[in-house]
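Residue strings, one per chain:
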Amino acid sequence: MTTTKRSLIEKVFQEIGMTKKASADIVEAVFEIIKETLETGEKITISGFGRFVVREKKARKVRNPRTGEGMDLAARRVLTFKPSQILRDKISGDEGRNR
C-alpha cells in the first residue's frame, strides 16, 4: 500500500474532524512550506521524524559501465533524508529496548 496526498488528507480529516477542504488546505500548506524551504537550500528538521537536507554535488567525470566511455556529470543539488533514531527504532521494532 502507498500513502498518497489524498490519503494523508483523509487521515487529517478523520483525526482532527475538520472539513475535507480545510484538511486539504492544511496538507497542501505544509507541503508548500517544505518545498519552498528546501528550494532555498535550508535544512528541515522534524523532531521524532528526521531531517531533509539539500546537498551540492560537484561536477565529476564518470564512466559508462557498459561501454567504458567517459562522460562529464554536471554539478547538481540533491535532496537527502536522514530518519531520526525514534523513527528508525519504530520501523525496526526496537521501540521498547534500552540502548
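You'll find the structure just up there.
Within each chain, residue numbers correspond to sequence positions counted from 1 in written order. pLDDT decides what is reported in this predicted model: residues at 70 or higher carry local features, side-chain atom pairs at 80 or more are listed and counted, and totals for whole chains, interfaces and linings draw on all residues regardless. To get the side-chain values, all heavy atoms of the structure are used, and hydrogens and water are removed first.

1. Focus: the environment of Glu28
Reasoning step 1: Each helix is a run of DSSP H or I of at least 4 residues and each strand a run of E of at least 2, with the numbering of both proceeding from the N terminus. Inspection of the secondary structure assignment puts Glu28 in helix α2 (residues 20-39).
Reasoning step 2: You can call Glu28 partly exposed: its relative accessible area is 38%.
Reasoning step 3: Note: C-alpha distance between Glu28 and Val62 (34 residues apart in sequence) is 39 Å. Think of it in three bands: residues with accessible area under 20% of the maximum for their type are buried, residues over 50% are exposed, and the middle band is partly exposed, with areas taken using a 1.4 Å probe on protein chains only.

2. Details of the sheet that holds strand β1 (residues 44-46)
Reasoning step 1: A strand pair is defined by DSSP finding two or more bridges across the two strands. Within the open sheet, the three strands sit side by side as β1-β2-β5. Their pairing is antiparallel. Two strands in the sheet have a free side with no partner beyond their single neighbour: β1 and β5 (76-83). When strand polarity is set aside, the average angle formed by the axes of neighbouring strands in this sheet is 20 degrees.
Reasoning step 2: Here three bridges tie β1 to strand β2 (residues 50-57), and the two strands are oriented antiparallel to one another. Note that in β2 the partner of Ile44 across the bridge is Phe52. All axes are obtained by fitting lines to C-alpha atoms, using only the stretch in contact for helices, and the reported angles, taken between N-to-C directions, cover 0 to 180 degrees.

3. Examining the side chain of Ser84
Reasoning step 1: Within the fold, Ser84 resides in the loop between β5 and α3 (85-92).
Reasoning step 2: At 3.1 Å, the side chain of Ser84 forms a polar contact with the backbone nitrogen of Leu87.
Reasoning step 3: Residues are treated as being in contact if the distance between any of their heavy atoms lies within 4.5 Å. Once you skip the residues sitting within four places of it in the chain, Ser84 turns out to touch Gly48, Phe49 and Gly50. Two N or O atoms count as a polar contact when they lie within 3.5 Å, although within protein this holds only if one can serve as hydrogen donor and the other as acceptor, and sequence-adjacent residues are included solely when both atoms are side-chain atoms.

4. Topic: the pattern of salt bridges
Reasoning step 1: Any carboxyl oxygen of Asp or Glu that lies within 4 Å of a side-chain nitrogen of Lys or Arg is treated as forming a salt bridge with it. Inspection of the entire model under this criterion finds six salt bridges.
Reasoning step 2: The partner of Glu56 in a salt bridge is Arg77, with the nearest N and O atoms 3.5 Å apart. One end of the pair, Glu56, is in strand β2; the other, Arg77, is in strand β5, with 21 residues separating them in the sequence.
Reasoning step 3: With relative accessibility at 44%, the residue Arg77 sits in the partly exposed group.
Reasoning step 4: Across the salt bridge formed by Lys61 and Asp72, the nearest N and O atoms sit 2.9 Å from each other. Taken together, the residues Lys61 in strand β3 (residues 60-63) and Asp72 in strand β4 (residues 70-73) connect sequence positions eleven residues apart.
Reasoning step 5: On the accessibility criterion, Lys61 (69% relative accessible area) is exposed.

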